[in-house]
Amino acid sequence: EQMQKVGKEYMDDLTERDQRMMFGVVTLTHLADSLEQLDQDTESLLSRTRGCEFATLKYQQEDALNTVLPYGLRRIDAVRTLTTESTAVLMPFKSQEIQDKGGIYYGINAVSHNLIICNRGNLLNGNGFILGVSGSGKSMAAKQEFTSLALSTDHDLIVVDPEREYGPLVRALGGEVITISASSAENCYINALDLSSEYGDGKNPLVLKSEFIMSLCEQLMGNQEIGAKEKSIIDRCTANIYREYIKDFKGEPPTLKDLHRDLMMQKEPAAHDIALALELFTTGSLDIFGHKSNVDLDKRVVVFNIHGLGEQLKPIGHLVITDTMLNRV
């Protein structure tokens, strides 16, 4: 009797909506004025289950009420298995912690104020973005992660630097700074036709390199100027200049100058048109991709400084640098 009295006082303090939410069908039994009203309320409740399963307790309404009230009693012999993950959802003071082995510092957990130590290499997809308004610290966060990886791991680090801001940091770490600019006094050259035996991750490296040269010529001449005839000529000349090198991948790989020379040896006028488009990048003022590479691309930390690339050279520069990184990886 005492328990029922406490339960009645507890129920009286709740609004009708709270009672419906807490006790479901059991509470509706007490609230309904008739069997028809009870059936309507029950049907209404079951139509808004939101993924929950409901069952009607017949002849056990009083036991059900005493079970859900905060007495600590279990009068209904029905239990459910909760996994640790499901139980954690019910804990308001539970916070998700990231403490990966071999990870680096990424910040402070806003709830628990513990360090966030994450290893992106453990993820299914380790890509990431740093987003924020101007002045919020995006570059600082990137350099902090870069430095942490350089000092605590053996990863190879390759940076494309459009704002010329990574040079001092990379030099301090003993890396290679490659300044890509037609007017640079450093005269850093990258051979656009470098080719390693692992290029293409198991695919035919010569076929992939031929596709790259076609893309390069499309950038130079425009999509409308490269047709099936021009692509056939490029593929033929690519095979000619790589014929000796791909036998054992030893010695010096060919350059754009070799490609230019082979194109000029072809009989088709279209081949001479392609060679003329390449001339600016072989013997012209923008020949930084037409020489043999004179920089150390095998260093663990490499940064490509493209701040000095002009508007005309920027699309070609991005294409060549991306292919160089693919060749390295």
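On a predicted model such as this, the values are computed, not experimentally measured, just so you know.

S.K.: Even after reading the chapter, I still don't get the pairing of strand 4 (residues 176-179), so can you show me in this structure?
M.R.: A regular strand places its side chains on the two faces of the sheet in alternate fashion. Here strand 4 shows no split at all, with Glu176 and Ile178 on one side and Val177 and Thr179 on the other all buried. Bridge count for strand 4 against strand 5 (residues 301-305) is 4 bridges, and the pairing is parallel. Paired with isoleucine 178 across the strands is phenylalanine 304, a residue of strand 5.

S.K.: Help me out: how do you make sense of the confidence of the model for the protein chain in this one?
M.R.: Parts of the prediction with low pLDDT should not have their coordinates interpreted in detail. The predicted model of the protein chain has a mean per-residue pLDDT of 81, with 86% of residues at 70 or higher. By mean pLDDT, the top-scoring element of the protein chain is helix 7 (residues 167-172) (93), and the lowest-scoring one is helix 2 (residues 16-31) (42). Residue range residues 14-30 is modelled with pLDDT below 50. Its contacts to residues more than four positions away, or to other chains, number 32 contacts.

S.K.: Sorry, what's going on with the nonpolar core here?
M.R.: Most often, soluble globular proteins have nonpolar side chains that are buried together. Among the nonpolar cores identified, the biggest contains 44 residues, and Ile178, Ile180, Leu256, Leu259, Leu263 and Phe289 are the most heavily contacted of them. Listing elements by their share of this core, those giving two or more residues are helix 8 (205-221), helix 9 (228-242), helix 10 (256-264), helix 11 (269-278), strand 5 and helix 12 (314-328). Residue contributions to this core peak at 7 residues, all from helix 8. Ignoring anything within four residues of it in the chain, the contact list for leucine 263 reads Ile233, Cys237, Ala271, His272, Ile274, Ala275 and Leu278. Listed in part, the 11 residues of the second largest apolar core include Ile104, Leu149, Tyr166 and Val301.

S.K.: Would you mind showing me how to read the packing of aromatic side chains here?
M.R.: How two aromatic rings sit relative to each other is given by the distance of their centres and the angle of their planes. This model, assessed by the stated rule, comprises 2 aromatic pairs. A centroid spacing of 5.6 Å and a plane angle of 75° characterise the contact between tyrosine 245 and phenylalanine 249, whose relative ring orientation is edge-to-face. Judged by its relative accessible area of 10%, tyrosine 245 falls in the buried class. For phenylalanine 249, a relative accessible area of 24% gives the class partly exposed.

S.K.: Could you clarify how one ought to interpret the sheet that holds strand 3 (residues 157-161) in this entry?
M.R.: Either a parallel or an antiparallel arrangement is found when strands of a sheet pair, and the pairing is made through backbone hydrogen bonds. One open sheet holds the 3 strands; their spatial order is 3-5-4, and the pairing between them is parallel. Edge positions in the sheet fall to strand 3 and strand 4, since each has one partner strand and no second. With strand direction ignored, the average angle separating the axes of adjacent strands in the sheet is 15°.

S.K.: Can you walk me through helix 3 (residues 35-46) in this structure?
M.R.: Given 3.6 residues per turn, any residue in an α-helix points the same way as the ones three and four places further on. For helix 3, built from 12 residues, the straight-helix expectation of 16 Å at 1.5 Å per residue is met to within 8% by its first-to-last C-alpha distance of 16 Å. The set of residues buried in helix 3 consists of Leu38, Asp41, Thr42 and Leu45. Taken down its axis, helix 3 places every buried residue within 100° of arc, on the same side. In helix 3, those exposed residues whose orientation departs by more than 90 degrees from the buried face are Glu36 and Glu43.

Cut-offs used in this document
Residues numbered from 1 in each chain as written. Predicted model: local features only at pLDDT ≥ 70, side-chain atom pairs only at ≥ 80, totals over all residues. Heavy atoms only, no water. Buried < 20%, exposed > 50% of the residue type's maximum accessible area, 1.4 Å probe, protein only. Helix = DSSP H or I, 4+ residues; strand = E, 2+ residues; numbered from the N terminus. Pairing = 2+ DSSP bridges. pLDDT = per-residue confidence, 0-100. Contact = heavy atoms within 4.5 Å. Core = buried A, V, L, I, M, F, W, Y, C linked by side-chain atoms within 4.5 Å. Phe/Tyr/Trp six-rings, centres within 6.5 Å; stacked < 30°, edge-to-face > 60°. Axes fitted to C-alpha atoms, helices over the stretch in contact; angles between N-to-C directions. Expected span 1.5 Å × (residues − 1). Arc of directions from axis to C-beta.

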